[in-house]
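# Structure assessment
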Amino acid sequence: MTTRGARTAAVAALSLVLAACARPGTAGDGGGSSYEPDDLVLQMAWTGGFGTPQLLAARLPIVSVYGDGRVVTEGPVVAVFPGPALPNLQLQRIGPDAVQDLVDRALDAGVGDTADLGMPPVADLPSTRFTVDTGLEVVRREVYALSVVDELAGLTEEQVAARAELRSFADELTALSADGTEPYRPAAVAAVVTPYTPPDASEPAQPEVPWPGPALPGEPLDSALGTSCLVATGDDAAAVLEAARSATSLTPWVGPDGARWSVTLRPLLPSETGCPDLRNG
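### Let's talk about unusual backbone geometry
The omega torsion of the bond from F81 to P82 falls at -5°, within 30 degrees of zero and hence cis. With respect to the element layout, P82 can be found in the loop between β3 (70-74) and β4 (89-93). A cis amide bond, omega 10°, links L216 with the succeeding residue P217. By the element assignment, P217 lies in the loop between β9 (209-210) and β10 (219-222). With a phi close to 70°, D124 is a non-glycine residue in the positive phi region. With respect to the helices and strands, the residue D124 is situated in the loop between α3 (96-109) and β5 (127-133). Take D124: its relative accessible area is 56%, and that puts it in the exposed class. One non-glycine residue, A145, lies in positive phi territory at about 50°. Mapped onto the elements, A145 comes out in the loop between β6 (138-144) and α4 (157-175). Under the relative-accessibility criterion, A145 is labelled buried at 1%.

### Remarks on the confidence of the model for the protein chain
Taken as a whole, the protein chain shows an average pLDDT of 87; of its residues, 86% reach a score of 70 or greater. Note that residues 1-32 has pLDDT below 50 and, in this model, 42 contacts with residues that lie over four places away or in other chains.

### Let's talk about the pattern of salt bridges
Evaluated as defined, the whole model comprises 7 salt bridges. Across the pair R70 and D68 runs a salt bridge whose closest N-O atoms are separated by 2.8 Å. Taking relative accessible area as the criterion, R70 reaches 15% and is therefore assigned buried. In this structure, R93 engages E182 in a salt bridge whose closest nitrogen and oxygen atoms are separated by 3.9 Å. Here R93 is found in strand β4, whereas its partner E182 is found in strand β7 (residues 182-183), with 89 residues between them in sequence. Connected through salt bridges with shared partners, the residues D38, D68 and R70 form a single ionic network.

### Considerations on the nonpolar core
Formed by 28 residues in total, the largest nonpolar core has its most connected members in L42, V65, V111, F130, L166, F169 and L173. Every element with two or more residues in this core is listed here: β1 (40-47), β2 (63-66), α3, β5, β6 and α4. Sort the elements by how many residues they give to this core and α3 lands first, with 6 residues. Contact partners of L173, with chain neighbours within four places excluded, come to L42, M44, V63, L102 and F130. With 18 residues, the next largest nonpolar core counts A191, L230, A237 and V240 among its residues.

### Topic: the state of the cysteines
Summed over the entire model, instances satisfying the criterion amount to 1 disulfide. Disulfide pairing is shown between C229 and C275; the S-S distance is 2.0 Å. Disulfide C229-C275: the torsion about the S-S bond is -85°, which places it as left-handed. Within this pair, whereas C229 is found in strand β11 (residues 227-233), its partner C275 is found in the segment after β13 (260-267), the two being separated by 46 residues in sequence. Taking the relative accessible area as the measure of exposure, C275 reaches 12% and is therefore buried.

What counts and how
- Residues numbered from 1 in each chain as written.
- Predicted model: local features only at pLDDT ≥ 70, side-chain atom pairs only at ≥ 80, totals over all residues.
- Heavy atoms only, no water.
- Helix = DSSP H or I, 4+ residues; strand = E, 2+ residues; numbered from the N terminus.
- Buried < 20%, exposed > 50% of the residue type's maximum accessible area, 1.4 Å probe, protein only.
- pLDDT = per-residue confidence, 0-100.
- Contact = heavy atoms within 4.5 Å.
- Salt bridge = Lys/Arg side-chain N within 4 Å of Asp/Glu carboxyl O.
- Core = buried A, V, L, I, M, F, W, Y, C linked by side-chain atoms within 4.5 Å.
- Disulfide = S-S within 2.5 Å.

Spelled out as structure tokens, the structure:
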């Protein structure tokens, strides 16, 4: 049997197991979706690569699909410098069948496989991490420099073919970002904080904005990199989101004591609860 044929057979077998072992009141017994509303069913995210500690810690997943059919993606970014303080997160909704189709497609593309995918001879690029909740287990597949198609020296034909299948699936997921139907409204916002450094002469000066959330700088996120983190919820989150409307990525945020801080805002997703979730990027 070919590698693709074996994978298809494995996916079909897993689908039968999922149907037999579905959670009570779920798709396996005619009760609807097999996932809870806030279950992270499928996610594609970048990890590693080149960037500042703040940007790497606050980096958002490319696509996140939840059990109730919510799909959260980052929409188009305004081409201005400095950019807005808040990312343009978009929300769309798909049906339970579409959620399951994405899971099946992920498995068919090789997300559940474990064979080595090789290492293209390029530096400082991120890896693409796929996370899929099959209903029985959570599987992850991480691929370095998945976007690279020309510099694949030293990779076997099998590795190149496997990467191509995952890249095709990644393109499908990326296309979902064009279908956002409404802004995503977070219940909580994380802030990745470092001491403020005045811009050099090539960067425009930015007006100060009073910080309306919990006390800066928060708790250490990565002491070696000098980053801290805090999370604003409830009224604090609403105040931070409102203040961010008049801020940019280079805004000096000022605490009650007059100290100035550089703050990168990161809306939390439905499956995230706090700063530890940011360490996974």
